[in-house]
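Okay, here's what each chain looks like letter by letter:
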Amino acid sequence: MPFLQLYRSLNKKWSRSKRFDALIEYTPVYISFLRAVERQIGPKFLFPIGINDTVIGVYDDEPTSIISYALASHEYHLQLSDELEREATDTSPPLCDSRSVSLTESVDETTSELLRTVVSTDDNIVSIPGSKNPSTSDPLLYGKVTHIKVNFGDEGPLEQVKYTVICYYAKQFDALRRICCPSERDFVRSLSRCKKWGAQGGKSNVFFAKSLDDRFIIKQVTKTELESFMKFAPDYFKYLSESICTGSPTCIAKILGIYQVKSLKGGKEVRMDVLAMENLLFERRVTRLYDLKGSTRSRYNPDSNGSDKVLLDENLLEAMPTSPIFVGNKAKRLLERAVWNDTAFLASIDVMDYSLLVGVDEKKHELVMGIIDFMRQYTWDKHLETWVKASGILGGPKNVSPTVISPKQYKKRFRKAMSAYFLVVPDQWSPAAIIPSKQVADSGQDSDQFVSMGSSSLLDR
């Protein structure tokens, strides 16, 4: 308590005779200097509290805590409110979700220049059938490329630290989280702490972590991956919106936010782009885990002991004679249609090299799966690599299937492999033939028409 406040309090409460007796009887308890405590335990609590009196501790080595603080800050929500007021004049009814969200554009020069090179802010607003003005009817289809930037810092006597968080596509991601997460507050709470995670098969120099409650995966994205996402982001949100509204099955692991985190401390700036996505294995006891691409070239993990090892395509094929993965007829149909839809979408935006992550939960007798690693597009360098390896111009066998193939080729190979990897348990109530699309089978052509179903759950016995 400041001395003057203590002095005034004593004057009001006690008479002159009792005043000094109280001071004599007082036994002070000394605590460490707050800055010293901060250095010992890590988090910074000296920033203004967030909305609804939310208190987020900021850890320098946990970028998610910086993101969490930004998402809970008054500045972030003020920018959302400002944009909401600007959109309030449009009274079009919502298509899927009545909870409207908004944002305003605020980026630094470097990021703004990057965005201008990959996405025009004057692009045509994406649309879906039956919607005249999708920007107001569905927050996921908001077409304006805008982002929220939040600045905050700690200017204490010992050191100055400044933080900047840029929330890419904040409006769309906020709308997606309102559909997929229990609440925004739960999402912020989950991101407030994270732990580094040495995921098997991940790149060693890339930041990889899980939220402390295990709900979300946090992964660093490269500049190329970020540029790719900026190009296909409107299509990504459109596809998810259509899947949610129509009930069309999808097994794409949902990305729920992409952020740039910058910290300036002691004249040294650290910058990192990260994504937050759902953890497919949350609250699962997985005994086998596969990362499947539909290829057998360099797709074998010799170290297969332990439930934490990520096995590959050849490991699955090797285990099929003795311990195959059986699924029910309904689950097989659902899986094929989800893979059919997702690969059609990914090929349409020139994405390849994605994987199907499959976990075997033997306790619940269920499979949990999702398509991951779909941030990289088939760019000119991949085109060149495909041509060089197929032509044999640098040596090696000519016309041998290259390791890098086009998105359409990758889609076909992926569909065929995923259909073959999972065996069906015969069921007397199920139809004998299972095909992704009757129209495709009849025509004999490769069609990217999305197949709709009423359920998107893949967790069938």
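Details of the structure are given in the entry above.
Keep in mind that what you see is a predicted model, and the values were worked out from it rather than measured.

Considerations on the packing of aromatic side chains
According to the stated counting rule, one finds 17 aromatic pairs in the structure shown. With centroids separated by 6.2 Å and ring planes inclined at 90°, the aromatic side chains of Tyr169 and Phe229 adopt a geometry described as edge-to-face. Here the residue Tyr169 occupies a position in the loop between β2 (160-168) and α8 (170-180), and Phe229 occupies one in helix α10 (residues 223-246), the gap between them amounting to 60 residues. A single burial state applies to Tyr169 and to Phe229, both of which are buried. Taken together, a centroid distance of 4.4 Å and an interplanar angle of 0° make the contact between Tyr239 and Phe345 stacked. Pair noted here: Tyr239 is in helix α10 and Phe345 is in helix α12 (residues 329-348), with a separation of 106 residues, a long-range link. Each member of the pair, Tyr239 as well as Phe345, is classed as buried. Chaining the aromatic ring pairs together yields one cluster made of Tyr169, Phe173, Phe229, Phe232, Tyr236, Phe237 and Phe374. The side chain of Lys210 reaches across the aromatic face of Trp197, ending 4.6 Å from its centre. The ring of Trp340 carries the charged tip of Arg415 above its face, separated from the ring centre by 3.7 Å.

Overview of the sheet that holds strand β8 (residues 288-292)
Read from one edge of the open sheet, four strands run β9-β8-β11-β12, paired in mixed fashion. Strands at the two margins of the open sheet, each flanked by one partner only, are β9 (310-311) and β12 (366-372). Here β8 pairs with strand β11 (residues 355-361) via five bridges, running antiparallel. Note on β11: the bridge partner recorded for Asp291 is Leu357.

Notes on the pairing of strand β5 (residues 216-220)
Taken together, the three bridges between strand β4 (residues 208-211) and β5 define a ladder with antiparallel strand orientation. Considered in β5, the bridge of Ala209 is made with Ile218. Here β4 hands over to β5 after four residues, with Asp214 in that stretch at a positive phi of 75°. In terms of strand pairing, β5 meets strand β7 (residues 268-278) through five bridges, oriented antiparallel. Bridged to Ile218 within β7 is Ala276.

Notes on the nonpolar core
Considering soluble globular proteins, one finds that nonpolar side chains tend to be buried as a cluster. Ranked by size, the top nonpolar core spans 100 residues in total, and within it Phe229, Tyr236 and Phe422 carry the most contacts. Of the residues forming this core, the biggest block, nine residues, is contributed by α10. Two domains each provide a minimum of three residues to this core, namely domain 1 (17-88 + 145-279) and domain 2 (281-428). The residues contacting Phe229, other than those within four sequence positions of it, are Tyr169, Phe173, Tyr236, Phe237, Ile258 and Met375.

Quick look at the pattern of salt bridges
Scanning all chains against the criterion turns up 16 salt bridges. Here Asp174 ties to Arg177 by a salt bridge, and the two come within 3.7 Å at their closest N and O atoms. Placement of the pair is Asp174 and Arg177 together in helix α8, with a separation of three residues, close to one helical turn. A residue is classified by how much of its surface remains accessible, and Arg177, at 3% relative accessible area, is buried. Note that Arg299 and Asp291 form a salt bridge whose closest N and O atoms lie 3.0 Å from each other. In this structure, a network of salt bridges that share partners links the residues Asp174, Arg177, Arg178 and Glu184.

Points about the environment of Lys265
By the secondary structure assignment, Lys265 is in strand β6 (residues 255-265). Residue class for Lys265 comes out partly exposed when judged on its relative accessible area of 36%. Sequence separation between Lys265 and Asp60 is 205 residues; the distance between their C-alpha atoms is 9.8 Å.

Let's talk about unusual backbone geometry
As a rule of thumb, non-glycine residues mostly have phi less than zero, and peptide bonds are mostly trans rather than cis. Look at Asp350: it is not a glycine, yet its phi comes out positive at around 60°. Looking at the secondary structure, you find Asp350 in the loop between α12 and β11. Exposure remark for Asp350: the relative accessible area of 40% places this residue in the partly exposed category. For Asp373, which is not glycine, the phi dihedral falls at a positive 60°. Structurally, Asp373 is set in the loop between β12 and α13 (380-391).

Conventions adopted
- Residues numbered from 1 in each chain as written.
- Predicted model: local features only at pLDDT ≥ 70, side-chain atom pairs only at ≥ 80, totals over all residues.
- Heavy atoms only, no water.
- Phe/Tyr/Trp six-rings, centres within 6.5 Å; stacked < 30°, edge-to-face > 60°.
- Helix = DSSP H or I, 4+ residues; strand = E, 2+ residues; numbered from the N terminus.
- Buried < 20%, exposed > 50% of the residue type's maximum accessible area, 1.4 Å probe, protein only.
- Lys NZ or Arg CZ within 6 Å of the ring centre and 35° of its normal.
- Pairing = 2+ DSSP bridges.
- Core = buried A, V, L, I, M, F, W, Y, C linked by side-chain atoms within 4.5 Å.
- Domains from an automatic or database assignment.
- Contact = heavy atoms within 4.5 Å.
- Salt bridge = Lys/Arg side-chain N within 4 Å of Asp/Glu carboxyl O.

Structural measurements only, silent on function.
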